[in-house]
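Fold and contact review
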Amino acid sequence: MHGERRAPMDLTPQPTLDPDAPPAGIAPPAAGRADITTRADLDTLLRRFYGAAFADPVIGAYFTEIAGTDLAAHLPRITDFWERALLRTADYRGDALAVHRVLHRAEPLTARHFGRWVQLWRASVDGGFAGPRAERAKAQGERIALAMLRRLAGPDAAAEPGPGGFIPLSTLQLRRPA
């Protein structure tokens, strides 16, 4: 210790962390696309997604023929679900798995169906929004799809390959800004 020189202390003010800044590794919102911040944003996203899902040749029949989904009745509940998951401001008390169990009994849901759901969901989010909540919406959608697949088809159910697989034209169109 004696005779050892210490480096001078750095007293330069350090920037404070901005709690609203995107986490490291997440790009700031793309030009023209804001993050998901309100229930109205979720309504816009979900209408875009369900418009594509109802028309999709792989999963559309689950909504239109098997479940006979009435979008006007379904949208407020599913918006509550996503508002609770992403904004923490809604009170959702439902059992999404129970609904999917009924569908699965009528016509088995497979990795292909959940994979297509994820493709359409991610493309819908990317086409309208960018930011930390948009990224969380995509990640949450993937987690939910995988959990449902495993609960319905068993713990050994394999998810289909992700990027690099077949992506339908409708999915690519959803990625374009609204």
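Residues numbered from 1 in each chain as written. Predicted model: local features only at pLDDT ≥ 70, side-chain atom pairs only at ≥ 80, totals over all residues. Heavy atoms only, no water.

The helix and strand tally for the protein stands at seven helices and zero strands. For the protein, the N- to C-terminal ordering of α and β elements is α-α-α-α-α-α-α. Across the 178 residues that make up the protein, the buried fraction comes to 34%. Total accessible area computed for the protein in this model is approximately 11400 Å², and 56% of it derives from carbon and sulfur atoms. (Helix = DSSP H or I, 4+ residues; strand = E, 2+ residues; numbered from the N terminus. Buried < 20%, exposed > 50% of the residue type's maximum accessible area, 1.4 Å probe, protein only. Areas by Shrake-Rupley, 256 points an atom, 1.4 Å probe, with all protein chains shown as cover.)

Between the first and last C-alpha of helix 6 (residues 132–153) there are 31 Å, a value that for 22 residues agrees with the 32 Å anticipated at 1.5 Å per step. Among all positions in helix 6, only A134, A137, K138, G141, A145, M148, L149 and L152 are buried. Each buried residue of helix 6 sits inside an arc of 100° when the element is viewed along its axis, so together they form one side. Where the residues of helix 6 are buried, they touch helix 3 (71–87), helix 4 (96–106) and helix 5 (111–128). G154 occupies a position one or two residues after helix 6 and carries a positive phi of about 105°. (Expected span 1.5 Å × (residues − 1). Arc of directions from axis to C-beta. Contact = heavy atoms within 4.5 Å.)

Attention shifts here to the confidence of the model for the protein. Summing up the model confidence of the protein, the mean pLDDT is 76 and the portion of residues at 70 or higher is 69%. Ranking the helices and strands of the protein by mean pLDDT puts helix 1 (residues 39–55) first, with 93, and helix 7 (residues 169–174) last, with 54. Every residue in residues 6–29 is under pLDDT 50, and counting partners more than four places away or in other chains gives eight contacts. Low confidence marks residues 161–167, where pLDDT is under 50. Its contacts with residues over four positions away, or in another chain, come to five contacts. (pLDDT = per-residue confidence, 0-100.)

A word on unusual backbone geometry. In this structure, R88 takes a positive phi of about 60° despite not being glycine. With respect to the secondary-structure elements, R88 resides in the loop between helix 3 and helix 4. The exposure class assigned to R88 is exposed, which follows from its relative accessible area of 57%.

A separate point is the environment of Y50. Along the chain, the position of Y50 falls in helix 1. A residue is classified by how much of its surface remains accessible, and Y50, at 6% relative accessible area, is buried. Taking C-alpha positions, Y50 is 9.3 Å from S124, a pair spaced 74 residues apart along the chain.

So, on to the pattern of salt bridges. When the charged atoms of two side chains lie near each other, side chains of opposite charge can form a pair. Tallying each qualifying case throughout the model produces seven salt bridges. Salt-bridge contacts for D43 lead to R47; the nearest nitrogen and oxygen are separated by 2.9 Å. One end of the pair, D43, and the other, R47, are both in helix 1, four residues apart, so they sit about a helical turn from each other. The partly exposed category is assigned to D43, whose relative accessible area is 25%. Between D56 and R116 there is a salt bridge; the shortest N-O distance is 3.0 Å. (Salt bridge = Lys/Arg side-chain N within 4 Å of Asp/Glu carboxyl O.)

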